[in-house]
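An overview of the molecular structure
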Amino acid sequence: MTQVESRTTRVISAQPDDVFDALADYRGVRARVLPPQFSAYEVRQGGDGQGTLVHWRLQATSRRVRDCLVEVTEPEEGNVLVESDRNSSMVTTWRVLPGDREGTAEVRVRTVWRGAGGVGGFFERRFAPRGLARIHDDLLARLAAELEE
């Protein structure tokens, strides 16, 4: 098996603390800004950053649906959220940094997982990272719109 990786970066016109707080708000903001590829969303424990346990189904590709039970940690409080899927090797890291301009935040999203081998693994390595990057970019666009209201 090989490691598969997806990366997305987006600048949001909002204070970094506000962006991080919105990303960490799994009961409120996060639930409202999820794109349609997410379904069966349910916060099972916590709901605000560290210690949150949340379930969702992710339609990663037209044929691939992942059932995710995600545990949230904050290795760098106020800057980094890590979502580790208990059902797979998938780990998503959300890093919020000050943007280049005053009043902006740069959000970097990195997801890694152990991919399948063989022909199926080739397609996963080739297409899944771009699809997941589009899903994360859509989520961040929705988050930006939410924060601008």
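Cut-offs used in this document
- Residues numbered from 1 in each chain as written.
- Predicted model: local features only at pLDDT ≥ 70, side-chain atom pairs only at ≥ 80, totals over all residues.
- Heavy atoms only, no water.
- Helix = DSSP H or I, 4+ residues; strand = E, 2+ residues; numbered from the N terminus.
- Buried < 20%, exposed > 50% of the residue type's maximum accessible area, 1.4 Å probe, protein only.
- Contact = heavy atoms within 4.5 Å.
- pLDDT = per-residue confidence, 0-100.
- Phe/Tyr/Trp six-rings, centres within 6.5 Å; stacked < 30°, edge-to-face > 60°.
- Pairing = 2+ DSSP bridges.
- Axes fitted to C-alpha atoms, helices over the stretch in contact; angles between N-to-C directions.

Counting its secondary structure elements, the protein chain contains three helices and seven strands. Reading the protein chain from its N end, one meets helices and strands in the order β-α-α-β-β-β-β-β-β-α. Taking all 149 residues of the protein chain together, 46% fall into the buried category. Considering only residue pairs separated by 6 or more positions, the protein chain has 48% of its internal contacts joining residues 24 or more positions apart.

What follows covers the confidence of the model for the protein chain. Across the protein chain, the average pLDDT comes to 89, with 89% of residues at 70 or higher. The model gives residues 118-127 a pLDDT under 50, and that stretch makes 12 contacts with residues more than four places away or in other chains.

We now examine the environment of Ala144. Tracing the sequence through the fold places Ala144 in helix H3 (residues 118-148). For the pair Ala144 and Val33, spaced 111 residues apart in sequence, the C-alpha to C-alpha distance is 9.3 Å.

A full pass over the atoms with the stated rule returns two aromatic pairs. Seen from their ring centres, Phe38 and Trp56 are 5.4 Å apart, and the 75° between their planes marks the pair as edge-to-face. Note that Phe38 is positioned in strand E2 (residues 38-45) and Trp56 in strand E3 (residues 53-59), a separation of 18 residues in sequence. Judged by its relative accessible area of 13%, Phe38 falls in the buried class. The class for Trp56 is buried, based on a relative accessible area of 6%. A centroid spacing of 6.2 Å and a plane angle of 5° characterise the contact between Tyr41 and Trp56, whose relative ring orientation is stacked. Here Tyr41, found in strand E2, pairs with Trp56, found in strand E3; they are 15 residues apart in sequence, far enough to count as distant.

Attention now goes to the sheet that holds strand E7 (residues 105-114). If you walk across this open sheet you meet the seven strands as E1-E7-E6-E5-E4-E3-E2, and the pairing is antiparallel. Edge positions in the open sheet fall to strand E1 (3-12) and E2, since each of these has one partner strand only. The sheet shows a mean angle of 20° between the axes of neighbouring strands, taken without regard to direction. Here E2 runs beside E3; their pairing, made up of five bridges, is antiparallel. Bridging across to E3, Phe38 finds its partner in Leu58. Each of E1, strand E4 (65-76), strand E5 (80-85), strand E6 (91-98) and E7 touches helix H1 (residues 16-24); the most contacted strand, E6, lies at about 160° to it.

If you trace the backbone, Ala40 turns up in strand E2. By relative accessible area, which is 43% here, Ala40 ends up partly exposed. Placed 27 residues apart in sequence, Ala40 and Asp67 show a C-alpha to C-alpha distance of 9.1 Å. Setting aside residues no more than four positions away along its own chain, Ala40 makes contact with His55, Trp56 and Arg57.

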